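Examining the three-dimensional arrangement
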Amino acid sequence: MINGCTVFDCTLREVGYQTGWYFDVDFVRDLYRFAQGKGIDYVELGFFHSEEADPGRGDFRYCSARNDKVSEVFKQTKNVTKISVMRDVQRPLTNVLPRKDTVIDTIRILTRSHETDFTVLDRHIEELGALGYELFINFTSAGYNTMEMNKRFADYAAKKGVKAVEFADTESIMTAKYVIDTIKICHDAGLKCGMHLHDKNGTVDLLADTAMEHGADYMDVTHLGLGGKWRDGNVTVEYLLRKLNVNGGYESTLIKNKLIEQLIKYREFSAAE
């Protein structure tokens, strides 16, 4: 936690769309060490997708199926910064290993807001909780939600005892009022709230400021603000660190340069539209 804000570095998962989730091992370790050194709480790798249904991607697309390779990357590096992976419940999935058999600490269950089936969520929460993971629920395309819908989501998550809910502005249509009202709904339910903001229209910094001013518990960021299926970007690591009075220093510049090199090196594997 940095000055009261818990931070997810989503660079690997988000920029994975541009690199096909291929990254050099040294880059991944450097990114994790940067997060560790700056007080960033989570580094998110990718997904638990089915390799049979979605072949030809890098290890971080299939984290459980490639567990040995993923664990090897972090075995000398893992420290207090947690490792997170997303489980997209509306996509073909692989089985998830027990928490004790992986380097993964946290699973964020991704559900598209208007496709959410609470029966399906129940099953995943029970399964993954029994395997020992810390759990979040991420509601995507959330900018289209009514506040009544967000209240149902918050009340459900609070009842299920998940760590927090997070709302993703997949289409970049959230307003400052939307952000304020959603955070209040979660807090009124006794639940922590996070924001995953995209930047199709250039308002991401304004919305990030609003979220932090009104008590958002979690913020998602990426280096250089890069990533996303539509290359629409996110809150930048460097912007958030400055807001939280942390100096990224030379290490931040180095990571950004290396990230660009990864984009060039693995461009042919891009899954971005």
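To be clear, the structure that these remarks concern was listed above.
In this report, we go over the structure that sits alongside the text. (Residues numbered from 1 in each chain as written. Predicted model: local features only at pLDDT ≥ 70, side-chain atom pairs only at ≥ 80, totals over all residues. Heavy atoms only, no water.)

**Some thoughts on the environment of K151**
Within the secondary structure, K151 sits in helix α5 (residues 147-160). Overall, the relative accessible area of 45% leaves K151 in the partly exposed class. Polar side-chain contacts of K151 include one of 2.8 Å to the side chain of D155. (Helix = DSSP H or I, 4+ residues; strand = E, 2+ residues; numbered from the N terminus. Buried < 20%, exposed > 50% of the residue type's maximum accessible area, 1.4 Å probe, protein only. Polar contact = N/O pair within 3.5 Å; in protein donor to acceptor, adjacent residues only side chain to side chain.)

**Here we look at the nonpolar core**
With 77 residues, the main nonpolar core has L45, F167, M195 and M219 as its most contacted residues. Counting residues per element, this core draws most heavily on helix α2 (residues 25-38), which supplies 6 residues. Setting aside anything within four residues of it in sequence, one finds M195 in contact with F167, M174, V179, T182, I183, A211, Y218, M219 and D220. Counting 6 residues, the second largest nonpolar core, distinct from the first, contains F8, Y42, A164 and Y218. (Core = buried A, V, L, I, M, F, W, Y, C linked by side-chain atoms within 4.5 Å. Contact = heavy atoms within 4.5 Å.)

**Here we look at the pattern of salt bridges**
A full pass over the atoms with the stated rule returns 28 salt bridges. A salt bridge links R66 to E51; its shortest N-O distance comes to 2.6 Å. Taken as a pair, R66 in the loop between β2 (42-47) and α3 (67-74) and E51 in the loop between β2 and α3 lie far apart in primary sequence, 15 residues in all. The partly exposed category is assigned to E51, whose relative accessible area is 29%. Taken together, the salt bridges that share partners define one network made up of R13, E14, E44, R108, E166 and D220. (Salt bridge = Lys/Arg side-chain N within 4 Å of Asp/Glu carboxyl O.)

**Focus: the sheet that holds strand β5 (residues 134-140)**
Taken together, the 8 strands give a closed barrel; going around it, the order is β1-β2-β3-β4-β5-β6-β7-β8, and neighbouring strands pair in parallel fashion. Pairs of neighbouring strands in the sheet enclose a mean axial angle of 25°, with direction left out of account. For strand β3 (residues 82-88) and strand β4 (residues 106-112), the ladder comprises 5 bridges, and the chain directions are parallel. Its bridge partner lying in β4, M86 is registered against R108. Sitting on the sheet, helix α1 (residues 11-19) touches β1 (6-9), β2, β3, β4, β7 (192-197) and β8 (218-221), and the angle it makes with β2 is about 35°. (Pairing = 2+ DSSP bridges. Axes fitted to C-alpha atoms, helices over the stretch in contact; angles between N-to-C directions.)

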